[in-house]
Amino acid sequence: MARVLGQNDEACGAGFLVAEDVLVTCAHVVRAAGSGPGRSVWLVFPNADGAGVVEGIVLEEPWREPEAEDVAMVRLGVAVPGTHVPALGSAAGSRGHEVRSFGFPGQAPEGGHFGYATAGDLLPATEHRVNTSS
């Protein structure tokens, strides 16, 4: 798990490795960090001892705007020692299972915060997202 840093070293969100040198996060997190496709973003891996601050480049091709699918992928300059790529799989059939999340909300301690919940139904695929936060 990585913390995506903003211009004043504040936590803007989280990301996770999908390959040794590729991290996935949300496009809105990258925007909050003051970056975008083709530009640098700074990351900290709080659970990797001695990793320090790591620079990554936001990839242009898999970028999906926050108003669309809200996806960003970041290519790291180096593989970060002490990290591992988690196994990924389908969420099908997971309704009712316990799930854990991890992130860096404003009230969380420096090292991040775990969340716990029960999985509900999968959302149907759509061509675009509808903004319901008005």
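Higher on the page you've got the structure.
Fair warning: this is a prediction, and the values are worked out from it, not measured in the lab.

Engineer: What exactly am I supposed to notice about the overall build of the chain here?
Structural biologist: Counting its regular elements, the chain contains one helix and eight strands. For the chain, the succession of helices and strands along the chain, N to C, is β-β-β-α-β-β-β-β-β. With respect to the three principal axes, the spread of C-alpha positions in the chain is 40 × 30 × 30 Å. The burial tally for the chain puts 31% of its 134 residues in the buried class. For the chain, contacts bridging at least 24 residues in sequence account for 49% of all contacts bridging at least 6. Accessible area for the chain stands at about 8,700 Å²; split by element, carbon and sulfur atoms hold 52% of it. Counting 8 positive and 16 negative side-chain charges, the chain places the averaged centre of each group 3 Å from the other.

Engineer: So what exactly am I meant to see when it comes to the sheet that holds strand β4 (residues 40–44) here?
Structural biologist: Paired through their backbone hydrogen bonds, the strands of a sheet run either parallel or antiparallel. Taken together, six strands build a closed barrel; the order of strands is β1-β2-β3-β6-β5-β4 and the barrel is antiparallel. With direction set aside, neighbouring strand axes in the sheet form an average angle of 40 degrees. Here strand β5 (residues 53–58) runs beside strand β6 (residues 72–76); their pairing, made up of three bridges, is antiparallel. Bridge pairing in β6 links I57 to R75.

Engineer: Can you help me understand the nonpolar core in this one?
Structural biologist: Among soluble globular proteins, nonpolar side chains are generally buried collectively. By size, the foremost hydrophobic cluster in this structure holds 20 residues, and its most contacted members are L23, V41, L43, F45, V74 and L76. Of all the elements in the fold, those that place two or more residues in this core are β1 (2–5), β2 (11–19), α1 (27–32), β4, β5 and β6. Ignoring any residue separated from it by four or fewer positions in sequence, one finds F45 in contact with M1, A2, L17, L23, A51, G52, V54, L76, V80 and T83.

Engineer: I'm lost on the state of the cysteines in this one. Help?
Structural biologist: Put plainly, a disulfide is one covalent bond tying together the sulfur atoms of two cysteines. Considering all chains together, one arrives at zero disulfides under this definition. Left unpaired, C12 is separated from the closest cysteine sulfur, that of C26, by 12 Å. For C12, a relative accessible area of 17% translates into the label buried.

Engineer: Would you take a moment to explain the side chain of R3 for this structure?
Structural biologist: Its location among the elements puts R3 in strand β1. If we skip the residues at most four places from it in the chain, R3 touches A11, G13, W42, L43, V44, P46, F104, E110 and G111.

Engineer: For this particular structure, what's the right way to read the pattern of salt bridges?
Structural biologist: Where charged atoms from two side chains of opposite charge approach closely, those side chains can pair. Enumeration over the complete set of coordinates arrives at two salt bridges. Between D21 and R75 there is a salt bridge, and its shortest N-O distance comes to 3.3 Å. Here the residue D21 occupies a position in the loop between β2 and β3 (22–25), and R75 occupies one in strand β6, the gap between them amounting to 54 residues. Under the relative-accessibility criterion, R75 is labelled partly exposed at 38%. The partner of R31 in a salt bridge is E65, and the shortest N-O contact between them spans 3.5 Å. With R31 in helix α1 and E65 in the loop between β5 and β6, this pair connects stretches of sequence that are 34 residues apart.

Engineer: Hey, could you run me through a nonpolar patch on the surface in this one?
Structural biologist: Taken together, the side chains of M1, F16 and L88 present a nonpolar region at the surface, about 280 Å² in accessible area. Along the polypeptide, F16 turns up in strand β2. According to the relative accessible area criterion, F16 is partly exposed, its value standing at 32%.

Engineer: What should I look at first to understand the environment of E60 in this one?
Structural biologist: Counting through the fold element by element, E60 comes out in the loop between β5 and β6. In sequence terms E60 and L76 are 16 residues apart; their C-alpha atoms lie 14 Å from each other. Leave out the neighbours within four places in its chain, and E60 touches P37 and G38.

What counts and what doesn't
Residues numbered from 1 in each chain as written. Predicted model: local features only at pLDDT ≥ 70, side-chain atom pairs only at ≥ 80, totals over all residues. Heavy atoms only, no water. Helix = DSSP H or I, 4+ residues; strand = E, 2+ residues; numbered from the N terminus. Buried < 20%, exposed > 50% of the residue type's maximum accessible area, 1.4 Å probe, protein only. Contact = heavy atoms within 4.5 Å. Areas by Shrake-Rupley, 256 points an atom, 1.4 Å probe, with all protein chains shown as cover. Lys, Arg positive; Asp, Glu negative; His and termini not counted. Charge placed at Lys NZ, Arg CZ, Asp CG, Glu CD. Pairing = 2+ DSSP bridges. Axes fitted to C-alpha atoms, helices over the stretch in contact; angles between N-to-C directions. Core = buried A, V, L, I, M, F, W, Y, C linked by side-chain atoms within 4.5 Å. Disulfide = S-S within 2.5 Å. Salt bridge = Lys/Arg side-chain N within 4 Å of Asp/Glu carboxyl O. Patch = residues over 30% accessible without salt bridge, like charges linked within 9 Å, V, L, I, M, F, W, Y side chains within 5 Å.

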